[in-house]
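Next come the chains, spelled out residue by residue.
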Amino acid sequence: MFAVLGMAFGANAQKGQFQIGYGGYTQMDVTDMHDGGSINNAWGALTAGVNFKVAPSLYLGASYTFSNATFKHTDDANAYYHVIMLNGRYNYYSNSIVNVYAHVGLGVDITHVAFDDFSKNKAYFAYQISPVGAEVGLSRVTSIFGELGFGAQGLLQVGARFNF
């Protein structure tokens, strides 16, 4: 993560973005990233991240994603997912209002499973692959985005970005 941030600060165009988003139907919901058991309810994932423009069409950055789920047939059982990823975004079409891009993220998911008086942590490989994303500029500072893909940040992710 420090290498990515170091590259970003060393680049000529040091434009940055802070983003927040929500995604539904995540990698954690589909795969067994909760050490067995049947999931009863999963509400999606909240993501916060920062991206830096390192080339005319390339952004690199880091993100943190949080999600949780409850287990079936157990009153007091929960899984909490903490995902840290390095992200890359490539704009393959741009005009003055819209950017169309692809996004890839790789990282780690730390799952905390809690059953009554017992709890444990496990680490899993986390990823996000979104071949189609669109960002619409609302002003010089604010834009909204939507992405279709699969991974820890969701099948469909929507949110806002703020330039700094």
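Just above, that's the structure.
Our subject in this report is the structure included herewith. Everything numeric here is computed off the predicted structure, so don't read it as measured data.

Reading the values: rules and limits
- Position labels on residues start from 1 in each chain and follow its written sequence.
- Side-chain atom pairs in this predicted model are given and counted only at pLDDT of 80 or more, local residue features only at pLDDT of at least 70, and totals for whole chains, interfaces and linings cover all residues.
- Working from all heavy atoms in the structure, the side-chain values ignore hydrogens and water.
- For two strands to be treated as a pair, DSSP must find at least two bridges joining them.
- A run of H or I in DSSP counts as a helix once it spans at least four residues, and a run of E counts as a strand once it spans at least two, with each numbered from the N terminus.
- Classification of ring pairs uses Phe, Tyr and Trp, with its six-membered ring standing for Trp, and accepts pairs whose centres are within 6.5 Å; under 30 degrees between planes counts as stacked, over 60 as edge-to-face, and the remaining range as tilted.
- Only C-alpha atoms enter the line fits that serve as axes; for helices the fit covers just the stretch in contact. Angles between N-to-C directions range over 0 to 180 degrees.
- By definition, residues are in contact when any of their heavy atoms lie within 4.5 Å.
- The term salt bridge refers to a side-chain nitrogen of Lys or Arg lying within 4 Å of a carboxyl oxygen of Asp or Glu.
- For every residue, the accessible area obtained with a 1.4 Å probe (protein chains only) is divided by the maximum for its type, and the residue is called buried under 20%, exposed over 50%, and partly exposed between those limits.

### Here we look at the pairing of strand β6 (residues 118-137)
Pairing between strand β5 (residues 98-115) and β6: 17 bridges, direction antiparallel. Residue pairing for β6: leucine 106 is matched across the bridge by tyrosine 127. The turn linking β5 back onto β6 is made up of 2 residues, and aspartate 116 within it adopts a positive phi angle of 40°. Judged from the 8 bridges that link them, β6 and strand β7 (residues 142-151) form a sheet pairing that is antiparallel. By the bridge assignment for β7, alanine 134 is matched with glycine 146. Between β6 and the antiparallel strand that follows it, β7, lie 4 residues.

### Regarding the packing of aromatic side chains
Across all of its chains, the model carries 4 aromatic pairs by this definition. A centroid spacing of 6.1 Å and a plane angle of 45° characterise the contact between tryptophan 43 and phenylalanine 66, whose relative ring orientation is tilted. Linking tryptophan 43 in strand β2 (residues 39-55) with phenylalanine 66 in strand β3 (residues 58-71), this pair joins segments that are 23 residues apart in sequence. Cluster of aromatic residues (ring-pair linked, three or more members): Phe125, Tyr127 and Phe150.

### A word on the sheet that holds strand β4 (residues 77-94)
Pairing within the closed barrel is antiparallel, and its 8 strands lie in the order β1-β2-β3-β4-β5-β6-β7-β8. Ignoring strand direction, the axes of neighbouring strands in this sheet form an average angle of 25°. Note: β2 against β3, 13 bridges, orientation antiparallel. Opposite alanine 55, over in β3, you have leucine 58 as the bridge partner.

### Looking at the side chain of threonine 26
Tracing the backbone through its elements, the reader meets threonine 26 in the loop between β1 (16-24) and α2 (27-30). For threonine 26, the residues in contact, after removing those within four places along its chain, are Gly44, Ala45, Phe150, Gly151, Ala152, Gln153 and Gly154.

### Some thoughts on the pattern of salt bridges
Tallying each qualifying case throughout the model produces 3 salt bridges. One salt bridge in this structure joins glutamate 135 and arginine 89, with 4.0 Å as the shortest N-O distance. Remark: arginine 89 occurs in strand β4 and glutamate 135 occurs in strand β6; sequence separation between them is 46 residues. Judged on exposure class, the residue glutamate 135 and its partner arginine 89 are both buried. For glutamate 135, the salt bridge identified is with arginine 161, shortest N-O distance 3.8 Å. Taken together, the residues span a long stretch of sequence, with glutamate 135 in strand β6 and arginine 161 in strand β8 (residues 156-163) at a distance of 26 residues. Residue class for glutamate 135 comes out buried when judged on its relative accessible area of 5%. Arginine 161 sits in the buried class, given a relative accessible area of 1%.

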